[in-house]
Amino acid sequence: MSTSIEHPDLGNPALVALIREEIAAAGGRITFARFMNLALYHPRHGYYLAAERRPGRGGDFLTAPELHPFFGFALARQIADCWERLDRPESFVVREYGAGVGGLAYDVIAGLTEERPEIARALRYQLLEPNPHRRGQAMMAMAEVGLADRVSADDPDFALAQDPITGVILANEVVDALPVHRLIVRNESMREAYVTWNDEPPGFAEVEGEPSEPALGESLWDDLTARGVQLQEGDRLDVSPAAGSWFAGVTNRLERGYTIIIDYGYAAPELYRGHRLAGTVRAYSQHSVTDDPFKRIGQQDLTAHVDFTALERAGQEAGLVSAGLTTQGAFLASLGLGDFLVRMQQDPATDPETYFRAQAAVYRLIDPGGMGRFSVLMMARDAPVEPPLRGFRETPPSF
């Protein structure tokens, strides 16, 4: 069973073999959550731990910070608002999860330096990134621009052992990549779709069984029904207990301050309806998308829409209070994203091509049919949430 499988569609042969071995040891099946965890986070072969840099224009997908620096500039304004509401602490930490090579961090610091230099001087920015190659690249880049004295880069587990912070916990497009269990409605109850191996044709496949955890069965059905979710035979739900556990864990190190979670997903009544009840797991490779997670294993990203109702509840159970839930389009509009375009247009040094590229990026960031419909959740611990935080002044459009 340990022999690597050489098949171009399956992906990394070593990782395929490891997953097959685990399936065999587990009696013929593992949860999709376990499969997703291995595909993305295996310490040697996982997609997010690889030496090559995959996200970005030359990789598999494009995130908002890579689209244009204006995203980070606008986010800096919300961070400045948080600093003010925390009574301007002399030591102010932004702890960013899934920080990659630090592009968003650089833009946030640049935005603060331009508009609120007193906050930039108080700021300590922590890049939490599981990939050691990305951490090294981030710190090399920060040293080149003279920011190594205010930026650090560590493994996410490192932060869980550190003293609690006063400041902001930030995660942009992180929660969608946490493992999910795949559930299917059968006879007004939940069944779970496990991952198994077929020899002919060779590859991974689904097999149904009883839920692997009690919380994924009757109690989940009752909870969703109470929240107004109407489920029918054959509906598929991708549910992530790992997301709530992660959120509770990282916010446990927040003594005073705010969380900013940005990702694609919805509150439960919107998430679990319509076409999304066919399942939301998607695989991204070379800027193309598919709903087949069993190809290019270890070589493609796997994501699922975030249940922001469940995430908010996890925060509340961890002692946080809600500060707002809105769309990225409304959030960025509230933060004055358009101001940066106006400044650029008024600058005589701006050439038309640069301006139009920035304009296109802004439209894409707020497009209600694209990135603009991402959700933004802010929560607080021992910090004021009234009047509404700066990013929640605009009303998001209805879907």
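Residues numbered from 1 in each chain as written. Predicted model: local features only at pLDDT ≥ 70, side-chain atom pairs only at ≥ 80, totals over all residues. Heavy atoms only, no water.

For Arg253, the position within the fold is in the loop between helix H10 (241-251) and strand S10 (254-263). With no salt bridge to any partner, buried Arg253 finds its closest opposite charge in Asp163, at an N-O distance of 5.2 Å. Side-chain polar atoms of Arg253 contact the backbone oxygen of Gln162, separated by 2.4 Å. With near-sequence residues (within four places) excluded, Arg253 lies in contact with Arg95, Ala159, Leu160, Gln162, Asp163, Pro164 and Ile165. (Helix = DSSP H or I, 4+ residues; strand = E, 2+ residues; numbered from the N terminus. Buried < 20%, exposed > 50% of the residue type's maximum accessible area, 1.4 Å probe, protein only. Lys, Arg positive; Asp, Glu negative; His and termini not counted. Salt bridge = Lys/Arg side-chain N within 4 Å of Asp/Glu carboxyl O. Polar contact = N/O pair within 3.5 Å; in protein donor to acceptor, adjacent residues only side chain to side chain. Contact = heavy atoms within 4.5 Å.)

Looking at the element boundaries, Arg121 is found in helix H6 (residues 117-122). The class of Arg121 is exposed, set by a relative accessible area of 60%. Taking the C-alpha atoms as reference, Arg121 lies 26 Å from Pro388; in sequence the two are 267 residues apart.

What follows deals with the packing of aromatic side chains. Under the definition given, this model contains 16 aromatic pairs. For the ring pair Tyr355 and Phe356, a centre distance of 5.6 Å and an interplane angle of 70 degrees mean the geometry is edge-to-face. Residue Tyr355 is classed as buried on the basis of its relative accessible area of 13%. An aromatic cluster is present here, built from Phe32, Phe35, Trp197, Phe204 and Phe294 joined pairwise through their rings. Over the aromatic face of Tyr194 sits the side chain of Arg29, whose NZ or CZ is 3.8 Å from the ring centroid. (Phe/Tyr/Trp six-rings, centres within 6.5 Å; stacked < 30°, edge-to-face > 60°. Lys NZ or Arg CZ within 6 Å of the ring centre and 35° of its normal.)

With that settled, the discussion passes to the layout of surface pockets. Volume-wise, the second largest pocket comes out at about 570 Å³. As for the second largest pocket, its lining consists of 28 residues, and the residues nearest its centre are Leu220, Val239, Ser240, Pro241 and Ala310. Secondary-structure elements contributing two or more residues to the lining of the second largest pocket are helix H9 (218-226), strand S9 (236-239), H10, strand S15 (306-307) and helix H12 (308-317). It is H12 that contributes the most residues to the lining of the second largest pocket, five residues altogether. Taken together, the residues of the lining of the second largest pocket sort by class into 16 nonpolar, five polar and seven charged. (1 Å grid on protein atoms, 1.4 Å probe; cavity = no way out; pocket = protein on both sides within 12 Å on 5 of 7 lines; lining within 4 Å. Points joined across faces, edges and corners; volume = space filled by probe spheres on them. Nonpolar A, V, L, I, M, F, W, Y, C, P; charged D, E, K, R; others polar.)

Now for the environment of Val385. Tracing the sequence through the fold places Val385 in the segment after strand S17 (375-381). Measuring from C-alpha to C-alpha, the distance between Val385 and Tyr258 comes to 9.4 Å, with 127 residues separating the pair along the chain. Not counting the four nearest positions on each side in its chain, Val385 is found in contact with Arg85, Val321, Ser322, Ala323 and Ala380.

Shape descriptors only; they carry no functional weight alone.
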